[in-house]
Amino acid sequence: MISVRLEPENKDVCVERAKTVTQLLHALGRKPGRALVIRAGQLLTPDLNLRPDDHIIVRDVGSRG
Amino acid sequence: MKCTRCSDQAVVALPSHHAAFCAPCYLVFARRLVERAIKEHAMLTPEDRVLVAISGGKDSLALAWMLKELGYDVSGLHIDVGIPESSPIARGYAERFCTTQAIPLHILDLQSQGLAMCEVKKRVKRPICSVCGQTKRYFFNTFTLNNGYSVVATGHNLDDETSRLMANVMRWDTAYLSDQGPVMPAEKGFAKKIKPLFRMTEFETANLCFIAGIDYGHAPCPYSAKASFPVYKRLLADLEDIQPGRKIHFYDAFLQRGRQGFASAETTDQAVDPCVHCGYPTSTGECGVCRLRTMMKE
Ligand code: SF4
Ligand SMILES: [Zn+2]
Ligand SMILES: [Zn+2]
């Protein structure tokens, strides 16, 4: 189970099955190129593999006015 | 995924540029995008004194950081619009950033001008964002001209510019289409305005902030309107997924071939004269901000 913090809402969710960053974003209804995916202070590209015990931050980049 | 420049592990993938970059190479890439924008549109010279409009959001901070990196003479102006739910947070990000980066920051507090937007909102009938936007433009402009700055720079990114362009196209708003662009020259009492980040998407500015260690926050304004731009941003983002590079091509082609067609259709002969009270250029005798001041005093 991968634990995810969604920003900017600061909401915590868990994702059951996601082998890659792309799959994780898909499970969260997001797309590459619209959110930063961060693990242990490092940015991840969509192709990277995830581990079941990963803690990930998914930070939407959209801004308003 | 490997870095396109040095083959190290990449941290940012950019299908629009058919590229991926490690952190150090990403900074080089971002720098080149901004340098290209500045050069192609003659935005700045080394002699310019640049005033950056610093809202405290990621784009304005990325802009100030990058212009300083490029060696320009940069100061910031933060306008505190006086909205209790969001203004102190935004101001805090602007102040901390400028302290860390040793960038001189001016703060202009609309409350001290009798124009706190939380009070203005109770009195005006127009949409508050239109009044707030007009007021901010007024103060950025007058501050630039009155304090010896030669140009004001804003953090508008490619998503801002293309969504606005698309909104203008959908309405065939020829007046806006004739003068939308990354540079507004100094004329008729207005300061020169530039948008050096116009080639960068908001994904790219967010990555720049992360890699450069810029702390930016999320302080949504409670009055933030349901403008049409977010709809177009989403549509364009979906289009970009199918056709990588579409956004910048749409915008570049508009600047190269589209805009001039609208410019010739627009005869902008509307007389602009100094405001009778403050001297700000206006076509209505008394400028909008002076009218607002009078109304707020009543
Ligand atoms: S969302 Fe509207 S009211 Fe709020 S700061 Fe922006 S322009 Fe002003
Ligand atoms: Zn590299
Ligand atoms: Zn005036």
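Residues numbered from 1 in each chain as written. Chains lettered and ligands numbered in written order. Predicted model: local features only at pLDDT ≥ 70, side-chain atom pairs only at ≥ 80, totals over all residues. Heavy atoms only, no water.

Here's the deal with the coordination of the zinc ion (ligand 3)
All names here are of chain B.
Item 1. Around the zinc ion (ligand 3), the protein contributes the donor atoms Cys275 (SG), Cys278 (SG), Cys287 (SG) and Cys290 (SG), at 2.3 to 2.4 Å from the metal centre.
Item 2. For the zinc ion (ligand 3), the four donor atoms in the first shell make angles of 108 to 114° at the metal, a pattern classed as tetrahedral.
Item 3. Positions of the donor residues of the zinc ion (ligand 3) along the chain correspond to the pattern C-x2-C-x8-C-x2-C.
Item 4. For Cys278, a relative accessible area of 35% translates into the label partly exposed. (Donors = N, O, S within 2.8 Å, 3.2 Å for Na, K, Ca; no water. Tetrahedral: all angles 85-135°; square planar, octahedral: opposite > 155°, others 65-115°. Buried < 20%, exposed > 50% of the residue type's maximum accessible area, 1.4 Å probe, protein only.)

Concerning the packing of helix α1 (residues 23-40) of chain B against helix α8 (residues 202-212) of chain B
When two helices pack together, their arrangement is given by the angle between the helix axes and the distance between those axes.
Residues and elements named next belong to chain B.
Item 1. As a packed pair, α1 and α8 sit with axes 10 Å apart at the nearest point and diverge in direction by 130°. Considering the angle they form, α1 stands oblique to α8. As for the relative orientation of α1 and α8, their crossing is left-handed in sense. Contacts between α1 and α8 involve Ala23, Tyr26, Leu27, Phe29, Ala30 and Leu33 on the former and, on the latter, Glu204, Asn207, Leu208 and Ile211.
Item 2. Broken down by class, the residue content of the contact of α1 with α8 amounts to eight nonpolar, one polar and one charged. (Axes fitted to C-alpha atoms, helices over the stretch in contact; angles between N-to-C directions. Helix = DSSP H or I, 4+ residues; strand = E, 2+ residues; numbered from the N terminus. Parallel < 35°, antiparallel > 145°, perpendicular 65-115°, else oblique. Left-handed = near helix turned anticlockwise from the far one by under 90°. Contact = heavy atoms within 4.5 Å. Nonpolar A, V, L, I, M, F, W, Y, C, P; charged D, E, K, R; others polar.)

Some details on the sheet that holds strand β6 (residues 151-153) of chain B
All names here are of chain B.
Item 1. Strand order across the open sheet formed by six strands is β5-β4-β3-β6-β8-β7, with mixed pairing between neighbours. Both edges of this open sheet fall to β5 (105-109) and β7 (183-184), since each of them pairs with a single strand only.
Item 2. Judged from the five bridges that link them, strand β4 (residues 73-80) and β5 form a sheet pairing that is parallel. In the sheet register, Ile79 faces β5, and the bridge partner there is Leu108.
Item 3. On the sheet, helix α2 (residues 58-69) packs against β3 (49-53), β4 and β6 and is oriented at approximately 160° with respect to β3.
Item 4. Helix-sheet contacts for helix α3 (residues 87-101) involve β4 and β5, and the interaxial angle to β5 is about 165°. (Pairing = 2+ DSSP bridges.)

Observations concerning helix α6 (residues 158-171) of chain B
All names here are of chain B.
Item 1. With 14 residues, α6 should cover 20 Å at 1.5 Å per step; its first-to-last C-alpha distance of 20 Å lies within 8% of that length.
Item 2. Burial analysis of α6 places ten of its 14 residues in the buried class, the great majority of the element.
Item 3. Contacts from the buried residues of α6 go to α2, α7 (174-179), α8, α9 (229-242) and α10 (246-265).
Item 4. Capping the start of α6 is the job of one residue whose side-chain oxygen sits 2.9 Å from the backbone nitrogen of Asp159: Asn157.
Item 5. Positive backbone phi, at 45°, marks Trp172, one or two positions downstream of α6. (Expected span 1.5 Å × (residues − 1). Polar contact = N/O pair within 3.5 Å; in protein donor to acceptor, adjacent residues only side chain to side chain.)

Structural notes on the coordination of the zinc ion (ligand 2)
Residues and elements named next belong to chain B.
Item 1. With distances of 2.3 Å, the protein atoms coordinating the zinc ion (ligand 2) are Cys3 (SG), Cys6 (SG), Cys22 (SG) and Cys25 (SG).
Item 2. Counting gaps between the donor residues of the zinc ion (ligand 2) yields the pattern C-x2-C-x15-C-x2-C. Placement of Cys3 in the segment before β1 (12-14) and of Cys22 in the loop between β2 (19-21) and α1 is noted, with a sequence separation of 19 residues between them. Considered together, Cys3 and Cys22 belong to a single accessibility category, that of buried residues.

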